[in-house]
Amino acid sequence: MTTRVACLGDSLTRAQLSVDYLELLERRRPPGDVRLARFGVNGDFAHNLSQRVDAVVADSPDVITVLIGTNDARASLAGYPVERAMKRKQLPERPSADWFQQCLGAVVERLRVQTDATIALLSLPVLGQQLDGAAARASRAYSRMIAEVATTTKAAYLPLHERQTEELFRADPPPIPYQDPTPAASVGVLVRHALLHRSLDTISERRGLVLTTDHIHQNSRGAALVAEVIDAWLPVRRA
């Protein structure tokens, strides 16, 4: 029987600037084993996700995975253009850790009440690749919040951040300082990828980045880890 899986998230799930972890997940499963539905919107915060739950409910999934919070974590970093993000994403209040947890908890509770799906929350990919840097610490702190929400709401917790931390520790990458990508930089990646036919992995390699193309969006290695932690959990659900 085919398992209907709804994947919720931001640009990492939308997969215009990232390698597509949904495609990699489907490749890991037997043919016809899963039917994946994509619910990813570029730039979304947890609040934005909470406003589009109806579309997920209408899809009647068996399983729901949630990968959200990268933009909330980025907003906690010094120098992040919070006011611009609030205007662009129509946020009713300034992003904060408490509000993130409230919004994520509200998403899970609505999905639990309005669907029969099994729900899993992924911790965040590592921001940047300096594990002792401010960006990585922010993604680690927000991942702990996700774990707390999972415990409170009785959702499954998928340790993506922990898995990526292990990968970076083993890789011992060069200490390239974190830089939050500007909108122009993101457009540049799209142009090089879509028009110049450069792979995201080539862009990543030229920048000396191990898991990402720009410290945030995933290359093949980073996206494979997203698919891996979801794939490892799915058989447990079906046991």
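Cut-offs and rules
Within any chain, residue numbers begin from 1 and follow the written order of that chain's sequence. Given that the model is predicted, a residue must reach a pLDDT of at least 70 before its local features are reported, and side-chain atom pairs must reach 80 or more before they are shown or counted; all residues, however, enter totals for whole chains, interfaces and linings. The side-chain numbers reported here are obtained from all heavy atoms of the structure, hydrogens and water having been left aside. A run of H or I in DSSP becomes a helix once it reaches four residues, and a run of E becomes a strand once it reaches two; helices and strands are each numbered from the N terminus. We call two N or O atoms a polar contact when they sit within 3.5 Å, provided that within protein one can donate a hydrogen and the other can accept it, with sequence-adjacent residues counted only if both atoms are side-chain atoms. Contacts are assigned to residue pairs with any non-hydrogen atoms lying within 4.5 Å of each other. Here, nonpolar core means buried Ala, Val, Leu, Ile, Met, Phe, Trp, Tyr and Cys residues that are tied together by side-chain atoms lying within 4.5 Å of each other. Accessible area is worked out with a 1.4 Å probe on protein chains only. A residue is then buried under 20% of its type maximum, exposed over 50%, and partly exposed in between. The pairing criterion for strands is at least two bridges between them, as found by DSSP. Every helix has an expected span of 1.5 Å times one less than the residues it contains. Helix axes are fitted to C-alpha atoms over the stretch in contact, other axes to C-alpha atoms as well, and angles between N-to-C directions run from 0 to 180 degrees.

Enquirer: Even after reading the chapter, I still don't get the side chain of Thr212, so can you show me in this structure?
Expert: Following the sequence through the fold, Thr212 ends up in the loop between helix H11 (200-206) and helix H12 (220-238). Polar side-chain contacts of Thr212 include one of 2.8 Å to the backbone nitrogen of His215. Once you skip the residues sitting within four places of it in the chain, Thr212 turns out to touch Ser204, His217, Gln218 and Asn219.

Enquirer: Got a minute to help me understand the nonpolar core in this structure?
Expert: When a protein is soluble and globular, its nonpolar side chains tend to lie buried together. Counting residues in each nonpolar core, the largest one holds 42 residues, and the members touching the most others are Leu8, Ile64, Val66, Leu104, Leu111 and Leu121. The residues touching Leu104, leaving out its near neighbours within four places in the chain, are Ala46, Val66, Ile68, Leu121, Ile146 and Val149. Core analysis: the second largest hydrophobic core is formed by 31 residues, Leu25, Leu158, Leu168 and Ile230 among them.

Enquirer: Would you take a moment to explain the pairing of strand E1 (residues 3-9) for this structure?
Expert: Moving residue by residue along a regular strand, the side chains alternate between the two faces of the sheet. With respect to burial, E1 is a largely interior element, six of its seven residues being buried. For E1 and strand E2 (residues 34-40), the ladder comprises seven bridges, and the chain directions are parallel. Across the sheet, Arg4 pairs through a bridge with Arg35, a residue of E2. For E1 and strand E3 (residues 63-67), the ladder comprises five bridges, and the chain directions are parallel. The partner of Cys7 across the bridge, within E3, is Thr65.

Enquirer: Sorry, what's going on with helix H7 (residues 97-114) here?
Expert: In this model, H7 (18 residues) spans 26 Å end to end at C-alpha, consistent with the 26 Å of a helix rising 1.5 Å per residue. For H7, every residue scored as buried is listed here: Trp99, Phe100, Cys103, Leu104, Gly105, Val107, Val108 and Leu111.

Enquirer: Is there a simple way to explain the sheet that holds strand E5 (residues 156-158) in this structure?
Expert: Through backbone hydrogen bonds, the strands of a sheet pair up, either in parallel or in antiparallel fashion. Taking strand neighbours across the sheet as the criterion, the five strands line up as E2-E1-E3-E4-E5 in an open arrangement whose pairing is parallel. For this open sheet the edge positions go to E2 and E5, each flanked by a neighbour on one side alone. Across this sheet, the average inter-strand angle for adjacent strands is 20°, counted without regard to direction. With three bridges joining them, strand E4 (residues 118-122) and E5 adopt parallel strand pairing. Bridge pairing in E5 places Leu122 opposite Leu158. In this fold helix H2 (residues 21-28) packs onto E1, E2 and E3, with an angle of close to 170° to the strand it touches most, E2. Packing of H7 onto the sheet brings it into contact with E1, E3 and E4, and relative to E4 it is tilted by some 165°.

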